[in-house]
Amino acid sequence: MENRKIKSKKRYVLAFIIGTLIFILGFVLTYSFSYIEYQRISNVQSQISYEIFNDKLDSSLFGEDICSVESFRRVSEDLGFQGRIIDDLERKFGKQDKRVLFRKQFYTLIELEHFEFVKEINEKCSSDIQTILFFYSNDEKIIGEAETAGELLGAVSSRNQNLVIYSFDIDLKSDLITSLKEKYEIKEPLTIIINEQNIVIAPENILEIEKYLQSNSYLEQNSSLTNNSMVIHL
Amino acid sequence: MGFINIVIYTSIYLGLIATTFYILSYVAAKKDKVLLFSDKELPRVSVIIPAYNEEKTIETTFNSILASDYPKEKLEIIFVNDGSKDKTLQVANKFKKNGIKIFSKKNGGKGSALNLGIKKSTGEIIFSMDADTIVDPKSLKNMTRYFKNEEIMCVSPAIVTQKPKSILQRVQYTEYLLGLFLRKTFATLNAVHITPGAFSAYRKSFFEKYGGYDEGNITEDLELSLRVQYYGYKIENSAESLVYTVPPGKFSHLLKQRRRWYAGLMKNLWHYKKIISRKYGDLGMFVLPIAMVSIFFAVFVTIYFIFKTLFEIKDELILLSNINYDFNSLFEINSYVIERLFFLWITNPIIVFIAFFIIITGFYLSYASKKLGKTYGLMTNLFFFYLLFAVLFGFWWIVSVIYVLFNRKISWK
């Protein structure tokens, strides 16, 4: 038989060019979506920071009743959500991406501001909102264990309505993280500090954490705050 | 980037190039002039219907071919009873008065029954037809017209399944519809390498020159189409010729069918491996290599996801045990969870490419809908197709590869 000819070499070249362009476009699109989300998160961060700061000043300067602060619940929820998104952005843009690193540092700052605010509420309102500080790492070697610990904390959060969980990436280059690690003597990732007193490392069962949590009355008394419980930044 | 991501993105990239190439080829071929027989020029054709235990379907099949608009004086219908143990022969005998020629032989397989039919035939064009197939009245004429071009040795129809009932049939219905566009495109590239055994047409001269069906072959129709290509002839596709086949409704029956098809494809491709070369133009240089690479990727990715899912289930079970089986604490759905899920989806390139391929699927289906005129529950079937096909396809191939590697016997039924 005679050799068959390829119908059109030009068509192959065109298909290669169009296929490659669509392939690149797919990445450009997802990168653009990520960037839009990054910008949105940046705006939300500023807003949250402003609200916490505003509430605290209202209380300290103008004597507003800190116990009836309405924005507390919303701020807590927003904070928890954006922590997760920042983590996702870090995975998408890469660990060394300066923009995300800055947002993460800023986020740590807001978390601590919120933590301080909670302590103030506990003190001034005779409440007992419980806190958990979770020091995790996104290191690939222990990412699986970190996610497991995060899921356990998520379950703890769902089961305990008077609980706020703050998560900190111990690998983040930040003076605040360094100070926190020093203050709570954090030597390894997956360390959990419960109510600034008890330490649990890489827990395997929910009870290992819950045994240190107390029953609470403050949030049950304040209906606007009953959904406060959440994991911030997993 | 992990190895699995490299495999996934490579398959996506090749898929994009192949899809673009096929669409471009289809568009370019629209301008091509096709040589067709006029009504007066139509040659004598013989339709051969082999059957083994088909008492339930044979009557409908006969009625559908008898309703053909092909000139009756040029149409010969041959029925070959392949040693049926049921009442197939008795049912067939009732149709003698309609001019159907009935032959009966000891059971020897579909290939041997078709060969007997070819020997007894007087037509210039031979149609092979399954005993559970229904053809549109116009299909016979439409397909035969293409034989005006002397280079064409075989014509395949637009084969779809009959109205689907079970979920598996719905998946197959969509698969067949999607195949319509690709089959037509392959024909424009002279790269059709599979013709449906349910209904296809061949020049009798090919059988006379290169022999009849390979009787020992588990996919004798596939072997024949590869043989046609191997000897350098053309296989055309008549997208306007509708043919309806019965898809297996049970998982075990479908698995047996696919195991036979895919094992047959591997064995026959190995036999005709010389086709995969520059000598065979687009078929050898692009269509077949891309098909083989796609199958490899599909199998690889399926195996990966099966294991991944198993490990994830194991992890979930461990987590459940660690939270003392408090299910309520696991499934918290709120606007934040939904927003984050949405964010994770739209920022994942794989999801974006899947969305792109879904759009392409829509294009293929709209082509099929135009050809068919009427489709059944397109959206529901499409849902089941997306849900199940990739896993089923990978699974069928894994089973088939195992059967071929370990030389396990594969039977027809």
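Residues numbered from 1 in each chain as written. Chains lettered and ligands numbered in written order. Predicted model: local features only at pLDDT ≥ 70, side-chain atom pairs only at ≥ 80, totals over all residues. Heavy atoms only, no water.

So, the confidence of the model for chain B
Mean pLDDT over chain B stands at 93; residues scoring 70 or higher make up 98%. Under the prediction, the complex receives an ipTM of 0.87, its pTM being 0.83. (pLDDT = per-residue confidence, 0-100.)

Quick look at the pattern of salt bridges
Residue and element names in this part refer to chain A. In total, this model carries 20 salt bridges over all chains according to the counting rule given. Ionic pairing is found between E37 and R40, a salt bridge with its closest N-O pair at 3.5 Å. You can see E37 and its partner R40 sitting in helix α1 (residues 9–62), three residues apart, about one turn around the helix. What makes R40 partly exposed here is its relative accessible area of 32%. (Salt bridge = Lys/Arg side-chain N within 4 Å of Asp/Glu carboxyl O. Helix = DSSP H or I, 4+ residues; strand = E, 2+ residues; numbered from the N terminus. Buried < 20%, exposed > 50% of the residue type's maximum accessible area, 1.4 Å probe, protein only.)

Observations concerning the interface of chain A and chain B
Every contact between the two is made by 43 residues of chain A and, on the other side, 47 residues of chain B. Overall, the association of chain A and chain B removes approximately 4,000 Å² of surface from exposure, summing both partners, and the carbon and sulfur fraction of that is 64%. In this structure, the connection of chain A to chain B is made through zero salt bridges. If you list the elements that add at least two residues to the side of chain A that touches chain B, you get α1, α2 (71–93), α4 (143–159) and α6 (206–210) of chain A. Per-class residue counts for the side of chain A that touches chain B are 19 nonpolar, nine polar and 15 charged. (Contact = heavy atoms within 4.5 Å. Buried area = accessible area lost by both parts, 1.4 Å probe. Nonpolar A, V, L, I, M, F, W, Y, C, P; charged D, E, K, R; others polar.)

Quick look at the confidence of the model for chain A
All names here are of chain A. Summing up the model confidence of chain A, the mean pLDDT is 81 and the portion of residues at 70 or higher is 84%. Per-residue pLDDT, averaged within each element of chain A, yields its smallest value for helix α7 (residues 218–221) (42) and its largest for strand β3 (residues 191–194) (94). The low-confidence segment residues 216–234, where pLDDT is below 50, has 78 contacts with residues more than four positions distant or belonging to other chains.

Quick word on helix α13 (residues 378–405) of chain B
Residue and element names in this part refer to chain B. Between its first and last C-alpha, α13 extends 38 Å over 28 residues, near the 40 Å set by a 1.5 Å rise per residue. Taking the largest bend as the criterion, α13 deviates by roughly 45°, centred on L388. Phi turns positive one or two residues past the end of α13, at N407, with a value near 55°. (Expected span 1.5 Å × (residues − 1). Bend = angle between axes of the 7 residues up to and from the residue.)

Quick word on helix α12 (residues 349–372) of chain B
Residue and element names in this part refer to chain B. End to end, α12 covers 34 Å across 24 residues, agreeing with the expected 34 Å (1.5 Å per residue, within 8%). Those residues of α12 that fall on the buried side of the exposure criterion are P349, I350, V352, F353, I360, T361, Y364, L365, Y367, A368 and L372. Put simply, N348 is the residue that caps the front of α12, since its side-chain oxygen is 3.0 Å from the backbone nitrogen of I350. Taken from the residues just after α12, G373 is the one with a positive phi, measuring 80°. (Polar contact = N/O pair within 3.5 Å; in protein donor to acceptor, adjacent residues only side chain to side chain.)

Looking at the sheet that holds strand β8 (residues 234–245) of chain B
Residues and elements named next belong to chain B. Taken together, eight strands build an open sheet; the order of strands is β3-β2-β1-β4-β7-β6-β8-β5 and the sheet is mixed. Here the strands that pair on one side only, and so sit at the sheet edges, are β3 (101–105) and β5 (134–135). Sheet topology note: the strand β1 (residues 45–51)/strand β2 (residues 75–82) ladder contains seven bridges and is parallel. Bridging from a neighbouring strand, V47 pairs with I77 of β2. (Pairing = 2+ DSSP bridges.)

Looking at the nonpolar core
Side chains of a nonpolar character, in soluble globular proteins, are inclined to be buried together. Residues and elements named next belong to chain B. Formed by 76 residues in total, the largest nonpolar core has its most connected members in Y22 and F286. Examining the composition of this core, we find that 10 residues originate from one element, α13, more than from any other. A domain-level breakdown of this core finds at least three residues from each of domain 1 (3–23 + 284–405) and domain 2 (35–254). Those residues within four positions of Y22 in sequence are excluded, and the remaining contacts are F181, L182, T185, F186, L189, F286, V287 and I290. (Core = buried A, V, L, I, M, F, W, Y, C linked by side-chain atoms within 4.5 Å. Domains from an automatic or database assignment.)

Some words on the domain arrangement of chain B
Accessible area lost upon the coming together of the parts is a frequently used measure of interface size. Residues and elements named next belong to chain B. Segmenting chain B into domains produces domain 1 (3–23 + 284–405) and domain 2 (35–254). Averaged C-alpha coordinates put domain 1 and domain 2 at centres separated by 33 Å. Contacts between domain 1 and domain 2 engage 28 residues on the former and 25 residues on the latter. When domain 1 packs against domain 2, close to 2,600 Å² is buried across both sides, 84% of that on carbon and sulfur atoms. For the domain 1 face of the interface with domain 2, the top three residues by lost area are Y367, L372 and Y376, together amounting to 22%. Inspection of the domain 1/domain 2 interface yields zero salt bridges. Our count for the domain 1 to domain 2 interface comes out at three residue pairs in polar contact (both at pLDDT 80 or more).

Some details on the packing of helix α6 (residues 167–188) of chain B against α12(B)
Residues and elements named next belong to chain B. Contact geometry for α6 and α12: axes closest at 8 Å, N-to-C directions at 90°. By the angle between their axes, α6 is roughly perpendicular relative to α12. Across the interface between the two elements, Y173, T174, L177, L178, L180, F181, L182 and K184 of α6 pack against T361, F363, Y364, L365, Y367, A368 and L372 of α12. A per-class count over the contact of α6 with α12 returns 12 nonpolar, two polar and one charged. (Axes fitted to C-alpha atoms, helices over the stretch in contact; angles between N-to-C directions. Parallel < 35°, antiparallel > 145°, perpendicular 65-115°, else oblique.)

Digging into the packing of α6(B) against α13(B)
Residues and elements named next belong to chain B. Where α6 contacts α13, the two axes come as close as 8 Å, and the packing angle between them is 95°. The angle between the axes of α6 and α13 places the two elements in the roughly perpendicular class. Residues I167, L168, R170, V171, Y173, T174, E175, L177 and L178 of α6 pack against L378, T380, N381, L382, F384, F385, L388, F389 and L392 of α13. When its residues are assigned to classes, the contact of α6 with α13 shows 13 nonpolar, three polar and two charged.

Some remarks on a nonpolar patch on the surface
A grouping of I303(B), I306(B), F307(B), L310(B), F311(B), I313(B) and L317(B) is seen on the molecular surface, where their side chains present a nonpolar patch of about 660 Å² in accessible area. Among the structural elements, F311(B) can be located in helix α10 (residues 281–322). (Patch = residues over 30% accessible without salt bridge, like charges linked within 9 Å, V, L, I, M, F, W, Y side chains within 5 Å. Areas by Shrake-Rupley, 256 points an atom, 1.4 Å probe, with all protein chains shown as cover.)

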